[in-house]
Amino acid sequence: MSTPTQKPSVVYGRPVTTDGVPNLYSGTEVQPWTTPDPGIDNLGISSIDTFAVPGVGEYTVPFDGYVRVVRSQPTATEWANAEVYTNLIEMRMTGESEELGRITVTLNPECLSAGQIRTPFDPYAGEGPAAKACRMAVGAIFDMPKLGLQLINKEPIILTIDDVRQIPPAGSPGKGQIYRMLPLHDIRRPDDDPVAYVTSLRFTMGGYLPKEQIA
């Protein structure tokens, strides 16, 4: 398995240690409304991304793959008050379109992709368990060999999931919070003008995968 650099130059949130944290694969039971012990969740993921290339066109590409997410110790034992911090430690997704060719998306090792799961501030919440919200700020590399490009996002991709009733939120739909367009830069010339943009991103977290599928 690939591992990110130990000291990323861009940090999007709180680091979470992987030392002594168990890997969790298919067969792991998830209890709703319960704060779990720390773990590394090996989950499937699918997404539909739309790319805009100035002067060329806009293309929608479906992706499938996996993510590995390490979770911290919850800050409290009861569900309502618990916060959980997360780091995305590995990602690999592949998609293909006729115009853009095969695209592979992996983590940018220069970024610490981090997030949090917590109960939103809601003074009007009713009685009973309150669903949590999940967010993750991600730095990625979009490898497009047909175009001879590796593209990076310098602004974080914010992945969000609402109505979280279990941790991890396997099987939940999510959205990339992108305001109109997210610039993508050539990794060789990151300070030049953007080469392309992500204009839409929607994803679904899958369930736990067998160890054999995490290559």
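Computed from a predicted model, the values in this text were never measured in an experiment.

Asker: Give me the side chain of threonine 119: which residues, what numbers.
Answerer: Mapped onto the elements of the fold, threonine 119 is located in the loop between strand S7 (111–118) and strand S8 (132–138). At 3.0 Å, the side chain of threonine 119 and the backbone oxygen of alanine 80 are in polar contact. A distance of 2.7 Å separates a polar atom in the side chain of threonine 119 from a polar atom in the side chain of lysine 132. With sequence-adjacent residues up to four places away left out, threonine 119 is seen in contact with Trp79, Ala80, Ala130, Ala131 and Lys132.

Asker: Tell me about the environment of glutamate 96, and name the residues and values.
Answerer: Checked against the element boundaries, glutamate 96 lands in strand S5 (residues 84–97). Separated by 44 residues in sequence, glutamate 96 and alanine 140 place their C-alpha atoms 17 Å apart. For glutamate 96, the contacting residues outside a window of four places in its chain are Val61, Pro62, Gly101 and Arg102.

Asker: Go over the environment of valine 70 with me, naming the residues and quoting the values.
Answerer: Tracing the sequence through the fold places valine 70 in strand S4 (residues 57–71). Each C-alpha atom, one on valine 70 and one on proline 22, is 9.2 Å from the other, the two residues being 48 residues apart in sequence. With residues near it in sequence (within four places) discarded, valine 70 still touches Val16, Thr17, Thr18, Val21, Gly39, Ile40, Tyr85, Thr86, Asn87 and Ile89.

Asker: How would you summarise the nonpolar core if you had to cite specific residues and measurements?
Answerer: Counting 42 residues, the largest nonpolar core has Phe51, Met91 and Phe142 as its most contacted members. With 6 residues, strand S14 (residues 196–208) is the largest single contributor of residues to this core. Ignoring sequence-local partners within four residues, the contact set of phenylalanine 142 consists of Asp49, Phe51, Thr104, Val105, Leu149, Gln150, Leu151, Asn153, Ile157, Leu184 and Val198. The next biggest cluster of nonpolar side chains, apart from the first, holds 6 residues, and it includes Val16, Val21, Ile40 and Val70.

Asker: Which residues make up unusual backbone geometry, and what are the values?
Answerer: In this model, isoleucine 167 is joined to proline 168 through a cis peptide bond whose omega is 5°. By the secondary structure assignment, proline 168 is in the loop between strand S11 (157–164) and strand S12 (173–176). Its identity is not glycine, yet aspartate 163 carries a phi of approximately 55°, on the positive side. Structurally, the position occupied by aspartate 163 is in strand S11. The exposure class assigned to aspartate 163 is partly exposed, which follows from its relative accessible area of 44%. Here arginine 180, not a glycine, exhibits a phi torsion of approximately 65°, which is positive.

Asker: Kindly report on the pairing of S12, identifying the contributing residues and their values.
Answerer: Of the two faces of S12, the one lined by Gly174 and Gly176 is fully buried and the one lined by Pro173 and Lys175 carries no buried residue. Examined bridge by bridge, S11 and S12 share 2 bridges and lie antiparallel to one another. By the bridge assignment for S12, threonine 160 is matched with lysine 175.

Asker: Break down the pairing of strand S6 (residues 101–107) for me, with residues and values.
Answerer: When you tally the buried positions in S6, you get 5 out of 7 residues, the bulk of the element. With 6 bridges connecting them, S5 and S6 associate as antiparallel partners. The residue bridging threonine 94 from the neighbouring strand is threonine 104, located in S6. Connecting the antiparallel pair S5 and S6 is a turn made up of 3 residues. Bridge analysis of S6 against strand S9 (residues 140–144) gives 4 bridges, and the strand direction is antiparallel. By the bridge assignment for S9, valine 105 is matched with phenylalanine 142.

What counts as what
Residues numbered from 1 in each chain as written. Predicted model: local features only at pLDDT ≥ 70, side-chain atom pairs only at ≥ 80, totals over all residues. Heavy atoms only, no water. Helix = DSSP H or I, 4+ residues; strand = E, 2+ residues; numbered from the N terminus. Polar contact = N/O pair within 3.5 Å; in protein donor to acceptor, adjacent residues only side chain to side chain. Contact = heavy atoms within 4.5 Å. Core = buried A, V, L, I, M, F, W, Y, C linked by side-chain atoms within 4.5 Å. Buried < 20%, exposed > 50% of the residue type's maximum accessible area, 1.4 Å probe, protein only. Pairing = 2+ DSSP bridges.

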